[in-house]
Structure formats: structure tokens, C-alpha cells
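Each chain, written out:
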Protein chains: 4
Amino acid sequence: MATTRFHDDTPDVDGLYADLAAADLQPLWVQPGLMTRTPGRLTPHIWRWKTLRDLAERSGDLVGIDRGGDRRVLSLSHPDLGGLPFATHTLWGAVQFLGGGELAPAHRHTPAALRFVLEGSGVWTLVNGDPLHMAPGDLVLTPSWTWHEHHNPGTEPMIWFDGLDLPLVRSLDAVFFEPGGEELTSYEPAQVSRSEHLYSGAGLLPAEEQAAVQDPASGRSSRLLAYRWPSVDAALSRLIDITGRRAVSVRYADPATGRDITPTLRAEVHRVLAGHRTRAVRTVGSGVWVVYRGSGATVIDGRLFRWTTGDMFVTPSWAAVDHEADADADLFLLSDRPVLEALGLARAEQTRQPRDVPAEEA
Amino acid sequence: MATTRFHDDTPDVDGLYADLAAADLQPLWVQPGLMTRTPGRLTPHIWRWKTLRDLAERSGDLVGIDRGGDRRVLSLSHPDLGGLPFATHTLWGAVQFLGGGELAPAHRHTPAALRFVLEGSGVWTLVNGDPLHMAPGDLVLTPSWTWHEHHNPGTEPMIWFDGLDLPLVRSLDAVFFEPGGEELTSYEPAQVSRSEHLYSGAGLLPAEEQAAVQDPASGRSSRLLAYRWPSVDAALSRLIDITGRRAVSVRYADPATGRDITPTLRAEVHRVLAGHRTRAVRTVGSGVWVVYRGSGATVIDGRLFRWTTGDMFVTPSWAAVDHEADADADLFLLSDRPVLEALGLARAEQTRQPRDVPAEEA
Amino acid sequence: MATTRFHDDTPDVDGLYADLAAADLQPLWVQPGLMTRTPGRLTPHIWRWKTLRDLAERSGDLVGIDRGGDRRVLSLSHPDLGGLPFATHTLWGAVQFLGGGELAPAHRHTPAALRFVLEGSGVWTLVNGDPLHMAPGDLVLTPSWTWHEHHNPGTEPMIWFDGLDLPLVRSLDAVFFEPGGEELTSYEPAQVSRSEHLYSGAGLLPAEEQAAVQDPASGRSSRLLAYRWPSVDAALSRLIDITGRRAVSVRYADPATGRDITPTLRAEVHRVLAGHRTRAVRTVGSGVWVVYRGSGATVIDGRLFRWTTGDMFVTPSWAAVDHEADADADLFLLSDRPVLEALGLARAEQTRQPRDVPAEEA
Amino acid sequence: MATTRFHDDTPDVDGLYADLAAADLQPLWVQPGLMTRTPGRLTPHIWRWKTLRDLAERSGDLVGIDRGGDRRVLSLSHPDLGGLPFATHTLWGAVQFLGGGELAPAHRHTPAALRFVLEGSGVWTLVNGDPLHMAPGDLVLTPSWTWHEHHNPGTEPMIWFDGLDLPLVRSLDAVFFEPGGEELTSYEPAQVSRSEHLYSGAGLLPAEEQAAVQDPASGRSSRLLAYRWPSVDAALSRLIDITGRRAVSVRYADPATGRDITPTLRAEVHRVLAGHRTRAVRTVGSGVWVVYRGSGATVIDGRLFRWTTGDMFVTPSWAAVDHEADADADLFLLSDRPVLEALGLARAEQTRQPRDVPAEEA
């Protein structure tokens, strides 16, 4: 829609505008920027692992976590979002630090969350009572409205990436939250969780008699709650073998339906071999990327961002994105793509970007 | 999540906070209000027809609409939304005024829109070239990315309600917009549009040979683009007859699928007979109500709003809502309910409200 | 698979064959015709209205229908099917005759049925107690496992076409049948049935509050149980108007989902204007056609069948089919197409047929 | 429907019947047995491995398989089916024998097939060119209309169970068949097939960029073409561990959708531990069971069938079925259940059977 006023203002018009404002109305014709030719409300942004890790550790030293408290979480706060603790308009990204012997107590909420482990191991995340062991590269889900808590029975701290759809669910005004009770949840540490016992055979599902075993609380989210890094690594290697490509990607899916891990979140790992540069693509919807392994650079709408292990960056909606790896790289991607698809708003197109752009200072 | 700081701040902690801010990070434990027990980010609000109509007419007198310009639209701007021209976090509501002889030129955009006619008749809305006649009570759709324009060949002005998913699509950063060309679209006024020729028989669809007739641009939105008030009125009357209820409602649906008019918007008409009060219900998701006929009052979370023909009001997410009619009333409702359903976030429950609450002054 | 034996039989081989037979085994290599290049197990066949009507009337005169008895039904028995009372391998077609004052008592069965009225009016078909009035051209559904009975309170007989999926359901060994009780069902004749009150507005569905109104027994079959001829006639006329074609067709669908009337049956009406000949098409799946109005001829795999009002004919799977009308014609089609689609076996292609073939003597 | 004639035949009635027969019509009221209270068109039946294996070997000795010939297949021919080479009305079951150095050449057909390996290993089944290695307990799919051929480059014969939906597809008159060309297909033996490279990570799917990799010919059938016995064995063991049950079952599913291996066929393995007897269940639809391991007995509608490794038996629609194992047993089940579900005809109920029934002599 047009963004310019096309007439001289007169006293009558000024009076009209004043009366409109008093009546909680706004004239569309003086609203520039409501309808843009293409999406583009956000710039790309990068956070460095060195900083994230350092600040997470300092928080661990200085800020306690106890029953009256909460998660020790540092959220990626995109500078374009006016102080909101959100990575994009729809996605929450954060690092969570849980020290040895610490416990993040149970609660549940309608925003869905995932944990992608960056450092350390040995924490047990209980999802509706099912204990999930956590080790580097593992993806652990805490779907919408499932009870979840984190126990670190060891002595070493752990750091993981937290991804949520909280900004989206908040903009839909659909947030419900419930804290757990005072008693500690007891659990039996088991190297393989209940959900993995049931759903970790590819194409092999518990038959109808076992239908009741499925946890109804998991609703339309994945029935498999933990995806182990060695499986992901193997799947990526097989893809490279069979396709002969130098860049491949794997989508985490509900083994029982093939749908995304939650109705709101897509998770993928993209592997780019050293020396390869991917084709540039524009996609509607935003993403948060976490470098799990390797180093390289991503060009986003003509700006170059160099990255190495642990760095996190945001790709905005409809930005042209390509990656180039210096060393074999695995990039974890969290995106809101299922939302765009469900609402009929998904678009994507291949595009081109300059091959030589100077790196951002960030 | 907890909303209180649970330790004394020390110089170290202050330093940490400063460094976090400098690094575009935020500590979750000092973010009150991110996770609320229940939704509740918006208050109810009402706009009066007398005001809306008066200001629409004054705009018609004072502000031209021509090829360089735009729609003459007054948007409901909820006072809780900090100056944004939006009715709720997800919904746009507005009155549009098109004078005799005026033309709102062609454009298209990814936000989907509907028009519910309040006053006047004779305008032709062209949707991808299909001319749709408009008369009071008619619902006319301009689905996502369809070309549309409004022609008023008569001498009398028309006023209609505009409903869009623009706030939602904007928060998803998925807005695309394209203005039409310079030439005027010619059209053959036909009392029945192409889409109605194809899809206005209940349960009677063009068979496979006619599949190609379907406009691909309409995508997953309704293939029927105009719903006539006499049909809606008759359907409501039949429902009252057969159910014996004193409050019934009809949902506008795609005749070819039964799904909502667009993936993002639900439209309904609720008929409440004089003297009847409906049961109170809470629903996740927000709504904009337009009183098409009758008078009465709606209690929203314990606050009473009296209304009469043409008034428009907002019901926030999870607010308890019931209606009582003084005179037989028809309430048009626009809501974001399909979004909540698609994303697994829909909840509803019956509740109670006080029978006697004083009316708001508004 | 090959259909010829490719070696000389020896005593050893003969012994093998004998032992196989004794063990309820069969050697595939001596089974000609199991796998055919294309479908083609059935020839086309036609039944004449003059004969059907005459024999239905004589049955009405000679064979009583009372509580101990059953429907007075003459089933189309395809001569290729070895004496089975079936029109094709999947479809049942028949004429049913109900005299003035007669009653076909209640029962229910898993095979789904439809009634397409050919002559007379005034019968009430009760479906789970909902009384549906019947007049020429009306389509009335009695979906799987719904109680149904037919009352003729008038003095004149009625004749209608019965279509069922009985041969299919029988070949799946999924037939359940239950006779009704001894008492007569009382009903309130109402010109509009409950299902039509709820579902006869195109694109207008009872909103969520009315969900409970839907009869759960109707399962995945259409919620609308009666489709009136004037609506079908109007829909066909609109299609001809808007497309400019001289042959159009309408599919009967569930207004709440757009799906076929039952998971097993598709019903359509094809209108061919006088002088027009349709393009020849091959389709996997069989059909029973009932000429509701007009006269003309159909070429089926090169054989010409002339028809006039009331005639019924079968088109086999993958046969090339085209129609030519002498006088404006409406052809009702019952097919098993939804089954083929659900099972991934649907194919169709346009083809050619000779323009001049001599008519069959039938 | 009633099965008795309820009136005396008169000369007029006799004449009517004669005229009906001449007109290819049948009076419903003299058709006993069309509508049965419950399904029950088939009896249970068992085939012994000792016999199957012996006859397969003798066939291998006596009957060649060469380019002009065909598969060396012995089909289970249920004695109730009047000489048709079918195990049930919808299912084909057979043993296939492929000697060392033999080749079953390429063809394709719309009936879908699966191979469950019983004895031997080393055969390569090529499905649209993708070579699938075969070993005992493996399930290999050749979905509808995929090219497939079997190569035995070793010196030892192999025997596997063939399951097809041929009887169903034939009763739908939807069989298409195409023989392959004369040239031999060359292939690169690879221990892991292309489909397994792409789809053998549970919940890990090739992301969108790899969508084109999916073979379009596989249509709505499983994208994974081989399910290895060790994976199935492990999944069953995990199920027993986590549920504590003594009888569990696993369903083979498309990893990309969770749907059955084909739209027409369900495959499962049921594990029953020694000494356990399952609860009796009735299900609409028929099944062919293959004992992969162990021994025990199955009671089918009150008749007891003892079985041991390699035996195959049929459970008819709606028969009460329970299993009891003497030694830990794994039973492979092929059923038509997806068809019944897709067509709205699926029913199941728990029931009781006598605990002591004498074994059948078979």
C-alpha cells in the first residue's frame, strides 16, 4: 500500500485526524510500511561462542539456581527487537548453564522447547517422568505442555542451546504456564529412555496393541523425545555417500508421522564439507543457526558472517543465505518453517549472491 | 517462570548484567511476565458505529482516493497495542468507505482479507478478475495473493468491515505486496460471480473434468468467494428450527473442503434471540465482533459492554465471553482460531460469569 | 507374468503337480491370466427401462412385502459374473419398487447404499430416524451402518435406483447386518429433513457449538443425506453458463468435507447437451450409469450402446467411454472411484474411439 | 436380509422369475446369504513348512526359470476359494524358490508385493534399479508399479515368502502388468541400498533439498524398501523391556509418513514369549501368518492350530484369534487392514475363546 500522503493537510483534515486518534482509529493512508514488497523486518545477527560461554560460566558462578528460582538461561536478544529477549519475531534462542549438582525444577508451558547439547554430559532431562540422558550433539524435546526438569547429578557443568517458539506463542496470546510441586521427582537413570525404546527403529512402530503406550500429553509433537548425535552423524554421512553431494541436510521428524518435531518448530542439521559453498536460497520464515562443528562463513543478503564452533546466528525471513565451509561443518538449524507451511505462507526461491563480500565486524 | 530476583545484586552481578547487555543477551531470571499462568495480554475494547460511520463519511468528504492513492480505510487501533493500527495481536479490523463513482485500484498481498458489508450496495469487488457484487450482510473474500480492486459505479457510498490477518502475517515477517498496473480492469457485471456459479450448490462440486476451472491462485483458501446474507440468514433460521436453541452459529467454509475461509481466519455469524443469554466460554485466540443486527450486551471477563447495530468489539484470548440479546441479534465474528488449531494451541472451556455487572462507559 | 508352460511335462513334473494340488498349493507358472497387461475382466452391458419397469411392476403385483419379508428389489446381474446378482465386481445396482401403502422395514448393514429416484414421489426414507422425502431425481443416502426404512403412505407406487458397495464389502468379507425391531417407527413428516436443515447452505456449516448435533453414526460418510434434483439441475445449468461447455458434471459431496458421499462410492450427474459428443476417457474402476433424462448413445471400447430415459448400463474398468446426446441428457453415475484413489490405484487417460460404430443389439 | 421365500410360487411368479433371468435381473428376496450377520466367508487354514519347503525344492529341481519363463512360485490356494491361487479374498501368499545362479527377470505390476526371507541369503532384489540384499528375516518391498527382479549370484538356493494384494487388485479390476526388456540389468552390489541410505535413521529424514532424491515411482508406498531382521528383533526386545509385556508387536511403516508399507498391505511381527497366551481379538479383514521362529498354537474361532517355524496360516475376517507360544515365537503377519481402515470398515473387539480345544489334524 502507498506510503505517501497525497494531499495537503487542511484544518478539516487535521481535525479529522485528531478525532480519529481520540476514537482509537487510524487512517490507513498515513501508515507507511505496513505492507512491504517483500519481508524484511529483521537484520541478520551473530553471537560468538567465546562470549556466550564466558557469560554462561560467570552466571553459573554468580547466580544461584534453587527451588525459588528458575532456569539459568541467557537469551539471544536481537537488537532489532527493541529489548525483547527474542532471537527473531517467532523464535527464542538461548544458552542454558546447569552446574554440577544443580537441579532445574519441574514446570510446564504451552511454548514448546528443544535442547541441543553443546558442552558437557550427564544431565538427565525428565519429560513427563521419562529420563533422557544428555550428551553433546543430542537433541532433546520438551513438547508443549509436557512437564520437564533438568538434573545434573555429576560434578561438571553442562551448556546447551535452548530453542523455543515462545515469541510466536506469545504473539498469539496462547501462553499457559504451570510450576511443578515442591517434591523432588525421583527417577531411574536408564541409558535409553522410554520414548527411544518405543520409537527408535526406523520404520518400525509399536503396533496397535501398544497404541495406549503413547503418551497423550505429547499430542501432535514427536513421540520420540531424544535424537542422538551418532545417529544424526551417521545419517548425514550416508546422505553424502549416496548423493555424492558436498552439502546435505537432515530434518528431525516424528518417527510415527514424519511431521516436524512440533507443529511450530523445524529442526535440521546441515553438513557442508570443507571448500564447498552452497547455493543461495531465500525462504519465508526466520532461523537460528548453531555451529556444532567446523568453521566457515555464511553470506546473508550480501553480508558475510564468519563463524566457528559454538557461534549462533540469525537468518531473517526472505534473506538470501548461502554457506561456505573452511573445515567440515555441521550447522544445527531451528526455524519456524512449519508455521509458514501450515498457514499457506511458505515460499522459497533460489537466488544469487556476490562471491566476494567483506566480513562483518561483529 | 519466576518473576522475582532471588538474590542481592553485587558489583560482580552488576558487571555481568552490563556485559550481557553489551553482548545482546538477556538473563531470563530477571524477565518477569514472559510466561504467564494464562493468556491475557489484551483488554476488551469496543468501537461505536455512530463514531465509525461519522468518521468514515468525513474521511470520504475530505480525503480523495485516486490512482496514486490507496484504500480509504479507518483501522481499529487497540489502545493496548502501543499505537499499532491493529485490533488484536493477530487481527486487523477496519471500516472502509468507498464513495459513489470511486475506484480502489488493484493490488495483491499475502495477508488475506475479507469484507463484510455494513451499508450501501452496488460496489463490485474484482478478485482475480471475477466480479463480486456487494450488498449488506454479504461476505466477500480476497484470499492471500489474489488481485483485488473495488469499483463503485453508482452514486451512493458504501461502508464495509475489512478483516485481515495482517498483524499475524507481519509478525511472521511474511508480507509480500504488489501494486497493480496502470490500466483500468474492465469487467462484465454479472449478478452471480464465477466462483458462485461453480461452488454455490451445497454438497455439489464441479466433477473432475472441471478441476482445471478452479483458480490455482486461491490456493488453500475458499474456492467460494462470496457468501450472500440471505443464505446465511436462512441457514441460521434452519438451525434455530431444528435445534430448538435460542442461540446458534454458522461457520463460513470452503464448500470444496469444509475448511475455514483461509488457513488463518475463521468467520462466523452468531444469532442470539431476544431475551437469551449464552453460556460463557473461554477460548485461546482473539476475535473481532461486528454487530450486524439487533442490540444487547456482552460480558467479557466480568466487564459488560452494551452494543447495537454496527458496533465492533474485541474479545481477547482466554477471556470469558457471553452474549445477551435485547432484540434478536446477529453478530459477525472474525477470529484467528484456525491458527491456534493448526499449531496445536487451541483450548476452550465453559466457565461462569457474574449475571449482574455494570456497563462500561465507552 | 507369462501364461505359457515352457517345458515338457515329465512323470516327475506330473507328480509334483499332483502333490502341489494335494497340499493346497498352485504353481504360478501354469496360471495364465492372473496378471493382465491392462484391466478388462468385464464387458459393458445395458439394461432397458422398459424391461426394468415392467418387471418391477409385475413383482409389485405378485410378490408381497411384509414384516417377515424384505425389500422388493431387482438387481442388475451382469452376465459375466457367473450368476452373482452384481452389476460389477464392486457395485450393486438395482431397481426397487414400493407400492402405495407399503413399508420396507428397518435394518442396517455395513454396505453403504444410495437411492436415486426414477418414478413417483411421496415415500419417506428414515435414516437413523430422520425422515427424508423422496421425489424424482432426488438422491438419498443410507450410509454404512445407519438404520433405514422406507414408508409409502400414499396410494401410488414408487421406483428408484438402488446403488450399493455390497460386492466390494463382500469381497472384503466385511458385511455386518442387523434387522430392526418389531415395532413400527413413528416419524413426523417434515418437508426438510434434519440433515438438510443443518447442511444445505453451501459453505455454511453449523459452528463448533453445534458439533454434537452431527450424527456420529454417519461416520465418514456425508452429513447431508438428501440432495434435491432442483439443486443439481441448477448447479449443472450454472456450470454450463460459466464454462461455455456442452458437457459438464457435478459430484455429490459431503458439504462438511468435500469428500465423496461414502468412502467407497462416488456419485455424479453428467449433463450432455443435444448434438455434443464427449471426449473418450479410460478410468480404472467400474461404473453404473442411469439415464435420468434425454437420449443418446455411449461408445464403450468401440461398441455403441443407444439409450433413453431410465436405461442403465455398466462401464468396465479401463474401458474407453464417450457419450453423445440426441436430446439434452442427464446421466447419473455411480462408481467405485474413491476406492481406487484411496488405494493408490487410480489412473485415467484420454483416448480415441471410432466415430462410427454400429449399435449393439441388446 | 431374509433368506427364505415367504410365499407359494404360482405360475405367474414362475413366469416372473423366468423373465427376470432372461433380462439379467435377480430378485433380491430369493438371494439367501448376501447379507450376513457378521463376516465369515472363509475358514482358517494352515500350510506346513515341511511340505512347502519340500515342494519348493522339487520345483527348483524340475522346473527351470529362464528368460522366457517366470517366477518359481508356489501360491497358497485356500480350499474355500474354488481353485483360485489365493490365500484369502484379498491376499496372495506364496513361497518363492530361486536357485543358485538363477535370475528372475524384471517386470512391474500394479499389485504391490513384499518378500519376507525364510531361508538362505545372498539374493539381490533390484527395485527400480536399487539393489537390496536379502538375508533371513529381512522384509523387502516391491511397491506397486516398481520394476523388480531377483538375482541369485551365489550357489545356494533361497526361499522367501511372497505376499501380494493381487486378489484385491484383481477384484477391483485394476491389474496392469509390464514385462521388462531383454537386456540384463547390471547393478553394483552394495550392502546398503539407496533407500536405506536415505531413510534408515529413525526420525531423521532427508531435508527438503533432498526431496528430489525420493523416487516418485514409489508413490504412496514406503520410501524405505528393506527392513532388516536385526532391527526388527531389537525393536521387539526394546518393547518387551519397556512395557513388561510378554507379547508385543511391531508394525512396518514408511519412515517418512508412518503410514503402512503400501496403501493396501499391513505387515507386522508379533513376538510371543514362551508360556504366554495372548488375549483373543476379532478384527475385520484377513491375515496370512508366517512363523519365523519358535513354536506354539493359535486358536481361531475355537479351532486349535499347532505351528512351528516356517508354517503359514490364514486367519479369516472377524475370526477370534489368540496365540500361545511353547518356545519364544516371532510371527510375521500380512494383512489387508489398511484397506478396511481407508474404507471406513475397520472394526475390532476383544473376545473369549475356550482354553482347551483339540488340535486340528492338518
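Residues numbered from 1 in each chain as written. Chains lettered and ligands numbered in written order. Predicted model: local features only at pLDDT ≥ 70, side-chain atom pairs only at ≥ 80, totals over all residues. Heavy atoms only, no water.

(A) Examining the packing of helix α1 (residues 11–22) of chain C against helix α2 (residues 49–62) of chain D more closely. One can describe the packing of α1 of chain C onto α2 of chain D by two numbers: an axis separation of 10 Å at closest approach and a directional angle of 155°. Relative to α2 of chain D, α1 of chain C is oriented roughly antiparallel. Considering how the two elements wind past one another, α1 of chain C and α2 of chain D form a crossing that is left-handed. Of α2 of chain D, the residues touching α1 of chain C (which contributes D12, V13, G15, L16, D19 and L20 of chain C) are L55, R58, S59 and L62 of chain D. For the contact of α1 of chain C with α2 of chain D, the residue count by class is five nonpolar, two polar and three charged. (Axes fitted to C-alpha atoms, helices over the stretch in contact; angles between N-to-C directions. Helix = DSSP H or I, 4+ residues; strand = E, 2+ residues; numbered from the N terminus. Parallel < 35°, antiparallel > 145°, perpendicular 65-115°, else oblique. Left-handed = near helix turned anticlockwise from the far one by under 90°. Contact = heavy atoms within 4.5 Å. Nonpolar A, V, L, I, M, F, W, Y, C, P; charged D, E, K, R; others polar.)

(B) Examining the relation of the copies chain C and chain B more closely. Structural alignment of chain C on chain B gives an RMSD of 0.0 Å, achieved by rotating through 180° and translating 0.0 Å along the axis. In symmetry terms, the pair is related by a two-fold rotation axis. Judged by C-alpha distance, A202 of chain C is the residue of chain C that lies nearest the rotation axis, at 1.9 Å. Here 100% of the contact residues of chain C are again contact residues in chain B; the copies associate through an equivalent surface. (Least-squares fit on C-alpha atoms with pLDDT ≥ 70 in both.)

(C) Up close: the arrangement of the chains. The two units chain A and chain C never meet; even their closest C-alpha atoms stay 18 Å apart. The two partners chain B and chain D share no contact, and the minimum distance between any of their C-alpha atoms is 18 Å.

(D) Spotlight on the environment of T262 of chain B. Residue and element names in this part refer to chain B. Turning to its location among the elements, T262 is positioned in the loop between β15 (247–252) and β16 (266–272). Here T262 falls in the buried class, since its relative accessible area comes to 3%. When the C-alpha atoms of T262 and P157 are compared, they prove to be 28 Å apart, with 105 residues separating the residues in sequence. A distance of 2.8 Å separates the side chain of T262 from the side chain of T264, its partner in a polar contact. (Buried < 20%, exposed > 50% of the residue type's maximum accessible area, 1.4 Å probe, protein only. Polar contact = N/O pair within 3.5 Å; in protein donor to acceptor, adjacent residues only side chain to side chain.)

(E) Highlighting helix α2 (residues 49–62) of chain A. Residue and element names in this part refer to chain A. Spanning 14 residues, α2 covers 20 Å between terminal C-alpha atoms, matching the ideal 20 Å at 1.5 Å per step. Among all positions in α2, only W49, L52, L55, A56 and S59 are buried. Looking straight down α2, one finds its buried side chains confined to an arc of 140°; they lie on one side. The exposed set on the far side of α2, more than 90 degrees from its buried face, consists of K50 and D61. (Expected span 1.5 Å × (residues − 1). Arc of directions from axis to C-beta.)

(F) Expanded view of the interface of chain C and chain B. Contacts between chain C and chain B engage 44 residues on the former and 44 residues on the latter. Counting the surface lost from both chain C and chain B, the interface buries some 3,400 Å², and carbon and sulfur atoms represent 56% of this. Taken together, the connections running from chain C to chain B amount to zero salt bridges. One can count 11 residue pairs in polar contact (both at pLDDT 80 or more) joining chain C with chain B. Looking at the side of chain C that touches chain B, the elements with two or more residues in it are α4 (194–199), β13 (204–206), α5 (229–243), β15 (247–252), β16 (266–272) and α6 (337–342) of chain C. Among the elements that line the side of chain C that touches chain B, the one with the most residues is α5 of chain C, at eight residues. Looking at the side of chain C that touches chain B residue by residue, the class counts come to 21 nonpolar, 11 polar and 12 charged. Alignment of β15 of chain B against β13 of chain C, held across three bridges, turns out to be antiparallel. Its bridge partner being in β13 of chain C, R251 of chain B is matched across the sheet by L205 of chain C. (Buried area = accessible area lost by both parts, 1.4 Å probe. Salt bridge = Lys/Arg side-chain N within 4 Å of Asp/Glu carboxyl O. Pairing = 2+ DSSP bridges.)

(G) Spotlight on the environment of P85 of chain D. Its place among the elements puts P85 of chain D in the loop between β3 (73–76) and β4 (92–98). Note on P85 of chain D: relative accessible area 1%, which makes it buried. Along the backbone, P85 of chain D and H270 of chain D are 185 residues apart, and their C-alpha atoms lie at a distance of 26 Å. Setting aside residues no more than four positions away along its own chain, P85 of chain D makes contact with Q26, Q31 and L34 of chain C together with S75, L76, S77 and W92 of chain D.

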